[in-house]
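Here are the chains, one letter per residue:
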Amino acid sequence: MCNIMGKLQSKINCSTSKYRPDDYMEEDSPAQAVQQYVPAHTDAVTSVAALTSDLCVSGGKDKTVVVYNWRSGAVLKRFVGHQREVTKVACVFESNSFFSASRDKTVMMWELHRNLGPSQHFPGHDLVVTGLAVSPDSSQLCTGSRDNTMCKWDIETGECLRRAAISRNLVTHLCWVPAEPFVIQTSEDKTIRIWDSRELQVAHTFPVKQYIQTYCDVSQDGRYCISSSNGFGGEGCEATGLGLIPVVATSSHDCMVKVWNQDNGGNVSTVNRSLHRLPLPRDSSASCTHPCSFYNLLVVEALCKCLCCLPALAVKEPELRLDPQ
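Since the model is a prediction, treat every value here as computed from it, not as a measurement.

## Things to note about the sheet that holds strand β18 (residues 201-205)
Here is step 1 of the chain: On the basis of which strands lie adjacent, the open sheet formed by four strands has the order β15-β16-β17-β18 and antiparallel pairing. Two strands lie at the open edges of the sheet, namely β15 (171-176) and β18, each paired on one side alone. With direction set aside, neighbouring strand axes in the sheet form an average angle of 30 degrees.
Here is step 2 of the chain: In terms of strand pairing, strand β16 (residues 182-187) meets strand β17 (residues 192-196) through five bridges, oriented antiparallel. Residue pairing in the sheet places valine 183 in a bridge with tryptophan 195 of β17.

Printed below as a string of structure tokens:
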């Protein structure tokens, strides 16, 4: 949502029928059974990561980090330490440690079974931290910021090992390639970069996209990457698969979570806005922000405080163009 000349207006106001295949036929979507629980945060949720098969970690505008059992709807622990809203959370699956980035320009490390404050601090950025990725062996941390810099940290000591800056590289998201020393990064300069974390140097840059790249993810075998863009005026809100990805899940500021079939761009399943109790943040700019297809199809729509386990269904209603370029 955006505030223009004092009037609240929505960016999402046009039909997406242009992205439907020629042989598309309208079908009635079956009723969706989605469990809802008491919200874990007192304000909008900004980021979610899977900690275990039962637990997820979330960060919110209320400056807190929460460990949440999505099956039972119970909040296990709440962690307080940031001075401003949490922008990202990250962790290694099945670990006891997790990390949070914030608008207070810092990153903190938390322990699931630790009752005190953060176990490690990572200060050093000059602006809000907008990218956060943990190495698969949990020994290093990579962060990115709107200050155009990327930093690599030693998790045990909290020392900044390397720092790199690229002009206009306003980082939007980071993800670490499994079993590799590479980190994938999206940026407001419409570029997707692959960094070699060993020297913190750019190893590859993909062709510049038409719109701001808001998010990225990588398959568990490390072979394929996906990114999403925010578009403009309802146009160009896309998830782009860089490789043959069979199923893609996205969440959006149109208050919907969708699962897509890469082969034909068809919509496999949708959780719509009628299931959401709270509105999305008005200052959000992205429209297709979270492609999260590689985590056992467990999709957590954080911004709408809605949790949904998505099954493998037949292709139904396509509404988003998946560009395999």
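After presenting the structure, the write-up continues.
## Structural notes on the sheet that holds strand β4 (residues 55-60)
Here is step 1 of the chain: Taken together, four strands build an open sheet; the order of strands is β3-β4-β5-β6 and the sheet is antiparallel. For this open sheet the edge positions go to β3 (45-50) and β6 (74-80), each flanked by a neighbour on one side alone. Going from strand to strand, the sheet's axes swing by 20 degrees on average, the running direction of each strand aside.
Here is step 2 of the chain: Both β3 and β4 contribute to a ladder of five bridges, which runs antiparallel. In the sheet register, alanine 49 faces β4, and the bridge partner there is valine 57.

## Thoughts on the environment of valine 134
Here is step 1 of the chain: Tracing the chain through its elements places valine 134 in strand β11 (residues 129-134).
Here is step 2 of the chain: On the basis of relative accessibility, which here comes to 10%, the residue valine 134 falls in the buried class.
Here is step 3 of the chain: Beyond its immediate chain neighbours, meaning those up to four positions away, valine 134 contacts Ala90, Cys91, Val92, Phe99, Gln140, Leu141, Ile155 and Trp176.

## Things to note about unusual backbone geometry
Here is step 1 of the chain: Here the phi dihedral of lysine 63 falls at roughly 75 degrees; this positive angle occurs in a residue that is not glycine.
Here is step 2 of the chain: Note that lysine 63 resides in the loop between β4 and β5 (64-69).
Here is step 3 of the chain: In this structure lysine 63 comes out as partly exposed when scored by relative accessible area, which is 38%.
Here is step 4 of the chain: Positioned with a positive phi, asparagine 148 is a non-glycine residue whose angle comes to about 75 degrees.

## Some thoughts on the side chain of serine 227
Here is step 1 of the chain: As for its placement among the helices and strands, serine 227 is situated in strand β20 (residues 225-229).
Here is step 2 of the chain: Here the side chain of serine 227 touches glutamine 213 through a polar contact of 2.8 Å, side chain to side chain.

## Considerations on the pattern of salt bridges
Here is step 1 of the chain: The tally for this structure, following the rule as stated, stands at eight salt bridges.
Here is step 2 of the chain: As a salt-bridge pair, arginine 163 and aspartate 126 come within 3.9 Å of each other at their nearest N and O atoms. Here arginine 163 is found in strand β14 (residues 160-165), whereas its partner aspartate 126 is found in the loop between β10 (120-123) and β11, with 37 residues between them in sequence.
Here is step 3 of the chain: Of the charged contacts, one joins arginine 193 and aspartate 189 as a salt bridge, the two residues approaching to 2.7 Å between their closest N and O atoms.
Here is step 4 of the chain: Exposure remark for aspartate 189: the relative accessible area of 19% places this residue in the buried category.
Here is step 5 of the chain: A single network of salt bridges, built from pairs that share partners, joins Asp126, Asp147 and Arg163.

## Regarding the confidence of the model for the chain
Here is step 1 of the chain: Looking at the chain as a whole, the pLDDT averages 76, with 70% of positions reaching at least 70.
Here is step 2 of the chain: Per-residue pLDDT stays below 50 along residues 274-325; that stretch engages in 186 contacts with residues further than four places along the chain or on separate chains.

## Examining the environment of threonine 191
Here is step 1 of the chain: For threonine 191, the position within the fold is in the loop between β16 and β17.
Here is step 2 of the chain: Setting aside residues up to four positions removed in sequence, threonine 191 forms contacts with Gln185, Thr186, Thr205, Phe206, Val208 and Gln213.

## Let's talk about the packing of aromatic side chains
Here is step 1 of the chain: Scanning the model with the defined rule gives four aromatic pairs in all.
Here is step 2 of the chain: Between phenylalanine 79 and phenylalanine 98, the ring centres sit 5.3 Å apart and the planes meet at 75 degrees, which makes this aromatic pair edge-to-face. Highlighted residues: phenylalanine 79 in strand β6 and phenylalanine 98 in strand β8 (residues 97-102), separated in sequence by 19 residues. This pair shows no difference in class: phenylalanine 79 is buried, exactly as phenylalanine 98 is.
Here is step 3 of the chain: Aromatic pair phenylalanine 79 and tryptophan 110: ring centres 5.4 Å apart, planes at 55 degrees, arrangement tilted. Placement of the pair is phenylalanine 79 in strand β6 and tryptophan 110 in strand β9 (residues 106-111), with a sequence separation of 31 residues.

What counts as what
- Residues numbered from 1 in each chain as written.
- Predicted model: local features only at pLDDT ≥ 70, side-chain atom pairs only at ≥ 80, totals over all residues.
- Heavy atoms only, no water.
- Pairing = 2+ DSSP bridges.
- Helix = DSSP H or I, 4+ residues; strand = E, 2+ residues; numbered from the N terminus.
- Axes fitted to C-alpha atoms, helices over the stretch in contact; angles between N-to-C directions.
- Buried < 20%, exposed > 50% of the residue type's maximum accessible area, 1.4 Å probe, protein only.
- Contact = heavy atoms within 4.5 Å.
- Polar contact = N/O pair within 3.5 Å; in protein donor to acceptor, adjacent residues only side chain to side chain.
- Salt bridge = Lys/Arg side-chain N within 4 Å of Asp/Glu carboxyl O.
- pLDDT = per-residue confidence, 0-100.
- Phe/Tyr/Trp six-rings, centres within 6.5 Å; stacked < 30°, edge-to-face > 60°.

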